[in-house]
Amino acid sequence: MNTIEKKFNTLIDKAKKEALLLTLLSTEKEEIKSHIVAFMKDNQMPIAKSNTIDTRHYLATRLSFLKNLDFAVGKTKKPFFKYVFAVSVFAIFLGTGVVFSAQSALPGDVLYPVKVGVNERVLSFISFSDESKAKYDVRLVQLRLEEIEKVASGKKIDTQTSTKITSLLDQHLKDVKAHTANTKSENKSKVSVEIHSDLEASLNAHTQILNNLAGKESDGDPKNIQSILLDVQSKTVQIGQQRQNSEDALSLQSVTYLKNSADAKLKEAERNLKEVSHFISDKKGKVNSNFYNDAKTNLTIARDAISQGQEKLQSGDYSQAFSLFQKAVRITQETHINFSALIKLNITLPGILNYR
Amino acid sequence: MSRETNNDKEKQFTDAYDTYADAIFRYCYYRVFDRDKAKDYVQETFCRTWKYIIEGNEIENIRAFLYKTANNFIIDESRKKKAVSLDNIMEKGFSPSIDTRQKDENYLTGKEVILIINTLDEKYREAVTMRYIDDLSPKEIASITGDTEDNVSVKIHRGLQKVKKLLKDQEHNGVSH
């Protein structure tokens, strides 16, 4: 390197060093950060789809990758029978578009058996672990309930549909139980609590909605929706009991494990509470004031559960803390489901939600 | 998108702010030479990035994305206003302190070199500044500006040639024995 080049490189290094001296003052940095954080609060990320009424989108998303036959047939290296079967079924139906049309079918529609008997079974194959299968089964329970509510809000439910839905719910719940029991994860008891809690929240929320719809059904046979309602109520109680059994099993875990689980659950509960609070505030204008106030009350109950959980956390009762935080998660979840249903189905829920 | 992922994304984003705010500030400052404006641009850059994230988009390289967003914003703003001249810069207080009494290899300060770089045509100025002041690679510069890596390398090379010539002229004019 000649002298001129050396000089030049030295000058450039000087420029670089000089440039690096220029930084934000710590007060300036914090001030800008506070503006950005405020912006983030006003522009929140969408609430988790797994606990919203948008279950159809969840399932459609899982289905969409199979549109790419090259991926499914040519590139997979797993000579896995179930994949081959799944792809074969789709290869047959894709040409006619039957499979994708079936995704939006409701109970009583011609393509509903395709949706339940083919599409959903194929999607189940895609879940490899028992934990993910159990979570998928919970989504199916939610979907069934949403479907029946949609049908009931538009027209009467016949006996055949009522029987079919009850039978499907039975099957999905049996599958949840089986997959949860088979979960080999070291977090088995925690997974069991979370799955049963998720299910309990959905069933309880939908019981309220079905109760309202049962009161409205005037020109059909009210027995059909009543029988679904009674069935869902009894399942809610059963699942609640299973959730408590899972919490008892969880309490036998090590102190470290329980503390870590409780800490994580606290964060989840606080986050959910914040998200649902924003959600209902955002949608306030779409519901009547009584319902809005009831929803706010429920979130206060959730907040209290979190406070009680924090006291337990501080006193070292991590198992109880976890249960209280999980309760807060359940309450916010139910509030969100009901609020969303109110808007989507355009129904009025008389009072709301009684929390246990 | 799970609840935990949402929270993770928020945390990752605020961590990215803590990590890159100074670099983005420098990047903006050496284009507008106005501290307050540069701070506004930093805020706007991060807000626009957050909006991009909540629309469901994934960002592979947050550092490059931030630079690109800042660059696009600066371009938009510069179209509204006239370019920053050396006189403007000096008025605002970034006065070079050329010492015409000295004649050695260290007579130019880092600030002076930056100012000299700033007198280049925009295409060369951008490439040289991003390469030597912001310490970005030609590949990163290409992804930020939307140019090809080869073109960026050519611009850096030509820009440096011009800087060398200007520095040589400066050195020559600075002689006052």
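Please refer to the structure higher up on the page.
For clarity, every value in this text was computed on a predicted model and none was experimentally measured. (Residues numbered from 1 in each chain as written. Chains lettered and ligands numbered in written order. Predicted model: local features only at pLDDT ≥ 70, side-chain atom pairs only at ≥ 80, totals over all residues. Heavy atoms only, no water.)

Below, the discussion takes up the interface of chain A and chain B. Many structure descriptions define interface size as the accessible area lost when the parts assemble. On the chain B side, the residues contacting the 40 residues of chain A number 45 residues. For the pair chain A and chain B, the summed buried area comes to about 4300 Å², and 64% of that belongs to carbon and sulfur atoms. Taken together, chain A and chain B are joined by five salt bridges. The salt bridge partner of B:D18 is A:K33, with a shortest N-O separation of 3.0 Å. Remark: the boundary between chain A and chain B carries nine residue pairs in polar contact (both at pLDDT 80 or more). Looking at the side of chain A that touches chain B, the elements with two or more residues in it are α1 (3-21), α2 (26-42), α12 (255-282) and α14 (318-345) of chain A. Element by element, the count of residues in the side of chain A that touches chain B is highest for α1(A), at 12 residues. Of the residues belonging to the side of chain A that touches chain B, the class tally is 19 nonpolar, eight polar and 13 charged. (Contact = heavy atoms within 4.5 Å. Buried area = accessible area lost by both parts, 1.4 Å probe. Salt bridge = Lys/Arg side-chain N within 4 Å of Asp/Glu carboxyl O. Polar contact = N/O pair within 3.5 Å; in protein donor to acceptor, adjacent residues only side chain to side chain. Helix = DSSP H or I, 4+ residues; strand = E, 2+ residues; numbered from the N terminus. Nonpolar A, V, L, I, M, F, W, Y, C, P; charged D, E, K, R; others polar.)

With that settled, consider the packing of aromatic side chains. With the rule as written, the count across this model stands at 12 aromatic pairs over all chains. Ring centres 6.1 Å apart and planes at 70° place the aromatic pair A:F279 and A:F339 in the edge-to-face group. Here A:F279, found in helix α12, pairs with A:F339, found in helix α14; they are 60 residues apart in sequence, far enough to count as distant. Taking the centre distance of 5.0 Å and the plane angle of 70° together, the rings of B:Y17 and B:F46 count as edge-to-face. Taken together, the residues B:Y17 in helix α1 (residues 3-32) and B:F46 in helix α2 (residues 35-54) connect sequence positions 29 residues apart. The pair B:Y17 / B:F46 is uniform in exposure class, with both members buried. Joined through ring pairs, the aromatic side chains of B:F13, B:Y17, B:F46 and B:W50 make up one cluster. Between B:R31 and the ring centre of B:Y27, over which it is positioned, the NZ or CZ distance is 3.7 Å. Stacked on the ring of B:Y132, the Lys or Arg B:R131 has its end atom at 5.6 Å from the ring centre. (Phe/Tyr/Trp six-rings, centres within 6.5 Å; stacked < 30°, edge-to-face > 60°. Buried < 20%, exposed > 50% of the residue type's maximum accessible area, 1.4 Å probe, protein only. Lys NZ or Arg CZ within 6 Å of the ring centre and 35° of its normal.)

Now for the environment of A:D158. Residue and element names in this part refer to chain A. Structurally, the position occupied by D158 is in the loop between α8 (130-154) and α9 (159-182). Relative accessible area serves as the criterion here: at 41%, D158 is assigned to the partly exposed category. Sequence separation between D158 and N224 is 66 residues, and the spatial gap between their C-alpha atoms is 6.5 Å.

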